[in-house]
Amino acid sequence: MRHRLAPALLAAAVGAGPGAAGPWPYAAGEGFASAVWRGTPAAGTEYSALYLEYGLGRRWSVGVDAGRAIGGAAKTIAFVGRARPEEAAGPRVGWQLGAGRIDGQSVVRPGLSIGHAFGQGALTGWVAADGLAEIGVTFDAWGRPVIETDVKLDVTLGLSHGGGRKTVLQLQAGQEEGDPPFRRLELRRVQPLHGGTSLTIGAYGDLSDGGARGLVLGLWQRF
C-alpha cells in the first residue's frame, strides 16, 4: 500500500480507558465516537480521523474508522469486534476484523487488543496494546497479485484522576511495507465538557532525528 501509515484510531489510540475503547466490551446500545486532528498551525493537518464504535450486546460491536491518513490518503474501514467478558479473570482481550479502502485500495484489517485496568479509589488507570495489520493486494506488470501488509502497534498507559479527567501516554509504532519503521510518542490530557462529551488536547513527537512535532486536538462522545 503506497500510503504513509497513521496511528490507528482503534481503541486505545483514542484511548478513554476501560469501557470506552480497547478490549473492554460495550453493552448493547452503548458506544463511543471521536474526531481527532493532529498537526501544526504552520504546516497544517498531518492526520485527521473519525471513529465510531457501537455495542450490539453479548460482547459484540461494530464500527467505522474513517478520515485522512498521513500524506493525505483517504481511508474508510468498517469493522466488527468482540471482547472478552468483564467478569473473566486475567487481562482483557478483544479482536477486530475490518474491511474497506485506504488510498483507493481495498484492504482487509485484522486487529488484536489486550489490556489491563489497575488501581482503586480516586486514582485508577489502564495499560493496553493494540495491533493492526492492513492487508491489500496489488498487481505487478505481468498481472500477478502481490500481497502488501502494513502493521501498526499502539501501547497506551492511561491514568484517571477523578471527575472524568484523564492523562494518556501512548507509544505509536508501525511499518509500511518497503519503508523503514516509525515510532512516535504522544501525551494527551482529557477534560470532560458536558454529559458524555470530553475535550482532548496534547502534543506528539516522532522519535527520530529531526522528526515531526505538533499538537493533537479532539472531541470524544460517550453514548
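Criteria and thresholds
- Residues numbered from 1 in each chain as written.
- Predicted model: local features only at pLDDT ≥ 70, side-chain atom pairs only at ≥ 80, totals over all residues.
- Heavy atoms only, no water.
- Helix = DSSP H or I, 4+ residues; strand = E, 2+ residues; numbered from the N terminus.
- Buried < 20%, exposed > 50% of the residue type's maximum accessible area, 1.4 Å probe, protein only.
- Contact = heavy atoms within 4.5 Å.
- Pairing = 2+ DSSP bridges.
- pLDDT = per-residue confidence, 0-100.

A. Summary view of the overall build of the protein chain. For the protein chain, the count of helices and strands is zero helices and 12 strands. In the protein chain, the succession of α and β elements from N to C terminus is β-β-β-β-β-β-β-β-β-β-β-β. Looking at the 223 residues of the protein chain, the share that counts as buried comes to 44%. Long-range contacts, defined here as pairs at least 24 residues apart, represent 46% of the contacts in the protein chain between residues at least 6 apart.

B. How the structure looks around unusual backbone geometry. You will see that arginine 59, though not glycine, has its phi angle at about 75°, which is positive. For arginine 59, the position within the fold is in the loop between strand 2 (44–57) and strand 3 (60–68). Judged by its relative accessible area of 28%, arginine 59 is partly exposed. One non-glycine residue with positive phi stands out, namely aspartate 103, at about 55°. Tracing the backbone through its elements, the reader meets aspartate 103 in the loop between strand 5 (92–102) and strand 6 (105–120). Residue aspartate 103 is classed as partly exposed on the basis of its relative accessible area, which comes to 40%.

C. Geometry of the environment of valine 168. By the element assignment, valine 168 lies in strand 9 (residues 166–175). Along the chain, valine 168 and valine 127 lie 41 residues apart, while their C-alpha atoms are 9.8 Å from each other.

D. Fine view of the environment of arginine 222. Relative to the helices and strands, arginine 222 is located in strand 12 (residues 213–222). Along the backbone, arginine 222 and glycine 195 are 27 residues apart, and their C-alpha atoms lie at a distance of 8.4 Å.

E. Fine view of the pairing of strand 2. The pairing of strand 1 (residues 31–40) with strand 2 spans 10 bridges and is antiparallel. Within strand 2, the residue paired with alanine 33 across the bridge is leucine 52. One ladder, built from nine bridges, connects strand 2 with strand 3; its direction is antiparallel. In the strand pairing of strand 3, tyrosine 54 is matched with valine 62. Remark: two residues form the turn of the hairpin made by strand 2 and strand 3, two consecutive strands paired antiparallel; arginine 58 in that turn has positive phi of roughly 55°.

F. View of the confidence of the model for the protein chain. Confidence in the prediction for the protein chain averages 83 pLDDT; 87% of positions are at 70 or higher. Segment residues 1–21: pLDDT under 50, and 101 contacts once partners within four positions in sequence are set aside and those in other chains are kept.

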